[in-house]
Amino acid sequence: MVRNERINRFVMMVVGDDYEDLAMIHDEVVRLATEEAVIPPPTRSEILAELTKLVDRGHVKAYILSTTEPTKEIQLPRSEGIVQVPESNDRRTGCYFLLTEDGLRFFRELPAS
């Protein structure tokens, strides 16, 4: 399996069961890559590129979470084709990602690594 496919799989693993922000996705993907001896660890740019592919395929969606309003799906702006994730220290307005039902089906059908 080539490097970008492994990073893609790690991203799906991280957002597969709960909403995660980009910082958590990055930290967990780097941890998984280190455990699997992916050298060097993935960069933020590599992770964003794979996250963009997953969004484009409909396997992952971006959301704004709120404690007072329903969860809201959002469309992220792009720069040179890559999704741009707004930075926010406020957990109420931050951008979170979650695997879709299609993404979950796709992930379950992937061959074992």
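Above: the structure in question.
Note that the coordinates shown come from a computational prediction; the quantities given were computed from them, not determined experimentally.

K.L.:
Would you take a moment to explain the overall build of the chain for this structure?
P.N.:
Within the chain one finds four helices and six strands. Traced from its N-terminal end to its C-terminal end, the chain shows the element sequence α-β-α-α-β-β-β-β-β-α. In terms of overall size, the chain behaves like a compact globule, its C-alpha atoms giving a radius of gyration of 14 Å where 113 residues would be expected to give roughly 13 Å. Taking the principal axes of its C-alpha atoms as reference, the chain extends roughly 40 × 25 × 25 Å. For the chain, the residues scored as buried account for 35% of the 113 residues in total. Sequence separation of 24 or more characterises 64% of the internal contacts of the chain that already satisfy a separation of 6 or more.

K.L.:
How should the pattern of salt bridges be read in this particular structure?
P.N.:
Between side chains of opposite charge, a pair can form as their charged atoms come close. Under the counting rule described, the total for this entry stands at seven salt bridges. Of the charged contacts in the structure, one is a salt bridge between Lys53 and Glu50, with a shortest N-O distance of 2.9 Å. Here Lys53 pairs with Glu50, and both are found in helix H3 (residues 44–56), just three residues apart, close to one helical turn. The partner of Glu73 in a salt bridge is Lys61, with the nearest N and O atoms 3.6 Å apart. Of the two residues, Glu73 sits in strand S3 (residues 72–74) while Lys61 sits in strand S2 (residues 60–64), which places them twelve residues apart along the sequence. Salt bridges sharing partners connect three or more residues here, namely Glu28, Arg31 and Glu35.

K.L.:
Looking at this structure, I do not really get the packing of helix H1 (residues 3–14) against H3. What am I missing?
P.N.:
To describe two helices that pack against each other, one gives the angle between their axes and the distance between the axes. It is at 9 Å that the axes of H1 and H3 come closest, and there the two elements cross at 70°. The pairing of H1 with H3 is recorded here as roughly perpendicular in orientation. Here Arg3, Asn4, Ile7, Asn8, Val11 and Met12 of H1 lie close against H3, whose contacting residues are Glu46, Ile47, Glu50, Leu51, Lys53 and Leu54. In the contact of H1 with H3, the residues fall into six nonpolar, two polar and four charged.

K.L.:
Got a minute to help me understand unusual backbone geometry in this structure?
P.N.:
As a rule of thumb, non-glycine residues mostly have phi less than zero, and peptide bonds are mostly trans rather than cis. Cis geometry marks the peptide bond from Ile39 to Pro40, where omega comes out at -10°. Looking at the element boundaries, Pro40 is found in the loop between helix H2 (22–35) and H3. Phi is positive for Ala37, which is not a glycine, with a value near 60°. Turning to its location among the elements, Ala37 is positioned in the loop between H2 and H3. You can call Ala37 exposed: its relative accessible area is 54%.

Reading the values: the criteria
Residues numbered from 1 in each chain as written. Predicted model: local features only at pLDDT ≥ 70, side-chain atom pairs only at ≥ 80, totals over all residues. Heavy atoms only, no water. Helix = DSSP H or I, 4+ residues; strand = E, 2+ residues; numbered from the N terminus. Rg over C-alpha atoms; globule rule 2.2 N^0.38 Å. Buried < 20%, exposed > 50% of the residue type's maximum accessible area, 1.4 Å probe, protein only. Contact = heavy atoms within 4.5 Å. Salt bridge = Lys/Arg side-chain N within 4 Å of Asp/Glu carboxyl O. Axes fitted to C-alpha atoms, helices over the stretch in contact; angles between N-to-C directions. Parallel < 35°, antiparallel > 145°, perpendicular 65-115°, else oblique. Nonpolar A, V, L, I, M, F, W, Y, C, P; charged D, E, K, R; others polar.

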